[in-house]
Structures are given as structure tokens and as C-alpha cells.
Amino acid sequence: MDVDGTAVTQRLRELPGGPELLAVAADYGGVELVGGAVRDILLGAVPRELDTLVESDVQAVVDALVERLDGEATVHERFGTALISSPVAQIDLVRARAESYPAPGALPDVRPGTLEQDLARRDFTVNAIAVALGGDGAGQVRATAHALEDLQAGRLRVLHERSFIDDPTRLLRLARYTSRLGFEIEPHTAELVAQALTAGALSTVSAARVGAELRLALAEPEPSSAIEEMARLGLLQAIHPALDFDGSVVRRALRLLPADDGRADLLVLASLLLELVVGDSGAARRGRSGSARGGPAFQLLSDWQFPAPDRDRALAAAGTAAGGELTAELSPEMSDSRLYALADGTPPEGVALAGALGGAESEQAAARWLTETRYVSLAITGEDLLAAGVPQGPEIGLRLDAALAMRLDGRLDDGRDAQLRAALEACI
Ligand code: CTP
């Protein structure tokens, strides 16, 4: 592949933060565009951030960029990295470094290194291409062996035999890149994946790091495809034997998920937990209340360090779908009041999954809930019942529920007076 480094710098000039980065690079030597930024520009895509490598004084470059972009820098001394964020751009800066792994799966020990050493420590060849941004050599391209041909062929290849053993999170990154870029896995790299899994590589990685990689996969534009690739490669099973991904159920559930308040990432996450939740008889009840404590699925999400609101919502969704009642009863004949009784208070991801698990007729009922039934409400409130003389206490809720059930089943119109009368006359 013939790569025109000058075309890369020209394209960079059009991207947010690009002109500032080029100006700073012209003032300081040894500033290179690397990693995902070069890869994406060469693929004609827009990089998510500008990955930049500095061979010289990182702090001086950070300060200059912060000033030009009116941004803020978060510096990680241990890894010699800095993230510069401004309202317009995000620049990921690394000091050129060499790495060694004190133990398989551990975070690396890093020391200052050359550009060549930095490229050689990377995960895949397509991420190991650098374009010089300033100085006499501006536009010069340097890349590891095979990098340019792999980029052209759409191929993911590790740089050395021990790559997945040193850093098994690369197995999860591989699945993410395969799905996002639509690239093939180079045959020898595929063999190394299988060897790493046989050697139990993923068990050397902390649950927190696995969780961080899963969150990145779930944040992809197509989270189900990234997770499906993990399943195909055998990674999910290696992380936990009860994790299971059924692509056809998830795809059907995603089609049911409302665009406004549905969360595709949490639906996919919940789908992974179905088997774990089925074995945990109390999960549906605890999950539905959103306060699930204990149980293997809760433990796993906590170990992976998912934020509590996401953890509870995914558990509630998995509990709803795997817990039985709703999944078993969803059908076109089901009354709206029964639908309400079983689905109210559950997240939309749970109802979508329950619908998809049950086949075409359940999907129809789940769609009815998600698009219509859940929005039905009364024109009266508890205040109206209090004003009409109903004593404070559980009776208020019971009377409102009875009126809502009549309204849901079409036995009551939306006039306030009729609803108040129905609530007051309900046999509770
Ligand atoms: N890297 C690595 N091993 C890891 C993590 C990162 O070798 N476990 C290297 C890769 O070369 C990658 C670079 O660090 O290109 C920056 O990491 P990251 O920002 O996560 O990767 P990008 O390729 O920029 O990915 P994305 O497009 O998802 O931002």
C-alpha cells in the first residue's frame, strides 16, 4: 500500500483540533500521529480522538496544546500519557515508550523509548503506523512490518507471538475491531487466539479490566455485533462459563427496543446474563425492584465495576426476561391490564427481551406494551380520591389501580368524572 503521509496531515488539518496539533508539532520536534487516528484517516473515516505520540518533552507539548485549545489535561504519570479535552477536540497523547509485562495479564511496566519501540509494543499492525507531524520529516510514514498491507487488506494481525499472553485484553479488543472495522483475523493470529484461550489467558486479567473492555464493546455503534464476535471467538465462555449470547434473540429484541428511552448496550448486557439469572430464583423479583443484591449476575456486574444504575437496570431486564411470568404469558390475547400488571416498573430492555425470547406472538404483545400500553394513564390522581373522602393509606393506590385496569381494558373513557366514579365504586 502506498501511503501518502502528506495527505494524512492535510486531512488532519480539517479535523477539530487538527490545526492546533499541527501548529504545536511544528514548534516541537518528534510529534507523530499514531494508532487509531492514522488507521481511521487512512480508511477514510473520522477518528474518535487524535492519538498523538511525542518523542521529546511531553509536558511542553501538553502545555502548548492546552493553551491553544483552551482545554484541560488529565495526565497519567505512570504510563506517560495525557488526555487533552476541549469543547472541540480530544487529543490522546503518549510519550514514546517501551514496555515489559511483569506477569501475564498485569499492567505493563513502561519506560521512555523510541518511536520504533513504541510501534513494536502495540496490539495490532494496523494500529502501528505513525505519520510525523512537524519538522523536516513532516509527512514521513513509519510502520511495523505488514502494517500497510494489512490495513489495505482489512486484516488484524498481532505483532508478536506473546501478544495475547502479555495482554489478554487484546483478545477483547480484537473482537471489537473485527466488528467495527469489518476486518478479518489473520490466520496465525487466529491460532494465537485459540492458544491463549487454551492457556487460560483471560483468567489472568482482573475483573475490573475485563469490565472496562466490555463497556467499550457495549459503547460501540453496534454493541451486539462486538459481543457476538466475542462469543464467536470463545471469549465470553472464557470469561464466565454461564455467559451466553444468542444473536437472533438479541437482534429481534433490539428491533422492539424504543429509540427514545431504550438502551441497546444494556439490552445486550442483560441478554448475556439470562442463564445466570435463570439459575437464581429470586433474581426476577429483586431485579424488578431495581435493588438486586447478591446472586451471581449481581456479583459479576459488580466485579466488572458497572455503574450501579446500569448494573441494576441490566439485572432488572434480565430478571424480567428470564424470570418467567411475563415471558410465559406474553401473547396477543393478553389483556392490557394483565400486561400492565406484569410489565409495569420493568425497563424496556426487559420487555423487549421477553418478547424476543417468546417468538412472533410474544413480540407483538411486547411491542404493544412498549409503544402504547405503558403510556396509558388516568386523568385523576390520589389527591382527587383524598378530596372525595377516601382515607390516606393503601386504599388510594388500590382504587387507582382498579380504575387504571378498567381504563386499560377499554371499559372506561378518559373523562375525569367517570374515572373518579369508577375508582370510588371499585370493589377492592
Ligand atoms: N494499545 C495496545 N494494547 C492495549 C491497548 C491499546 O497496544 N491493550 C495501543 C493500540 O495500538 C492503540 C493505542 O494503544 O491503537 C491507543 O489505544 P486506544 O485509544 O484504545 O485505541 P484506538 O486504536 O485509538 O481505538 P479507538 O478507535 O477505539 O479509539
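As the structure is a computational prediction, the values presented were derived from the model and not from experiment.

A word on the domain arrangement of the protein chain. Taken domain by domain, the protein chain comprises domain 1 (5-153), domain 2 (267-375) and domain 3 (376-425). Each of domain 2 and domain 3 has a C-alpha centre, and these two points are 28 Å apart. The interface is formed by 8 residues belonging to domain 2 together with 6 residues belonging to domain 3. The largest share of the area that domain 2 buries against domain 3 comes from Ser337, Tyr340 and Tyr375, three residues that together contribute 66% of it. Applying the counting rule to domain 2 against domain 3 returns 0 salt bridges. Run the count over domain 2 and domain 3 and you get 4 residue pairs in polar contact (both at pLDDT 80 or more). For the side of domain 2 that touches domain 3, the per-class residue count stands at 2 nonpolar, 3 polar and 3 charged.

For the rest of this paragraph, the subject is the sheet that holds strand 1 (residues 31-33). The 7 strands are arranged 3-4-5-2-1-8-9 in an open sheet whose pairing can be described as mixed. Because the sheet does not close on itself, it has two edges, and the strands there are strand 3 (72-76) and strand 9 (141-143). For this sheet the average axis-to-axis angle between neighbouring strands, irrespective of direction, equals 25°. Here strand 8 (residues 129-132) runs beside strand 9; their pairing, made up of 3 bridges, is antiparallel. Looking across to strand 9, one finds that Ile129 is bridged to Ala143. The strands that helix 1 (residues 5-13) touches are strand 1, strand 2 (50-54), strand 8 and strand 9; relative to strand 8, the one it contacts most, it runs at about 75°. Packed onto the sheet, helix 4 (residues 58-69) meets strand 1, strand 2, strand 3, strand 4 (81-85) and strand 5 (90-95) and runs at close to 170° relative to strand 5.

Formed by 117 residues in total, the largest nonpolar core has its most connected members in Leu33, Leu93, Ile227 and Trp304. In this structure, Leu93 is in contact with Thr52, Val54, Val58, Val61, Val62, Leu65, Gly80, Thr81, Ala82 and Ile84, ignoring residues within four places of it in sequence. Of all hydrophobic cores here, the second largest spans 8 residues; its members include Val34, Val94, Ala128 and Ala130.

What counts as what
- Residues numbered from 1 in each chain as written.
- Predicted model: local features only at pLDDT ≥ 70, side-chain atom pairs only at ≥ 80, totals over all residues.
- Heavy atoms only, no water.
- Domains from an automatic or database assignment.
- Contact = heavy atoms within 4.5 Å.
- Buried area = accessible area lost by both parts, 1.4 Å probe.
- Salt bridge = Lys/Arg side-chain N within 4 Å of Asp/Glu carboxyl O.
- Polar contact = N/O pair within 3.5 Å; in protein donor to acceptor, adjacent residues only side chain to side chain.
- Nonpolar A, V, L, I, M, F, W, Y, C, P; charged D, E, K, R; others polar.
- Pairing = 2+ DSSP bridges.
- Helix = DSSP H or I, 4+ residues; strand = E, 2+ residues; numbered from the N terminus.
- Axes fitted to C-alpha atoms, helices over the stretch in contact; angles between N-to-C directions.
- Core = buried A, V, L, I, M, F, W, Y, C linked by side-chain atoms within 4.5 Å.
- Buried < 20%, exposed > 50% of the residue type's maximum accessible area, 1.4 Å probe, protein only.

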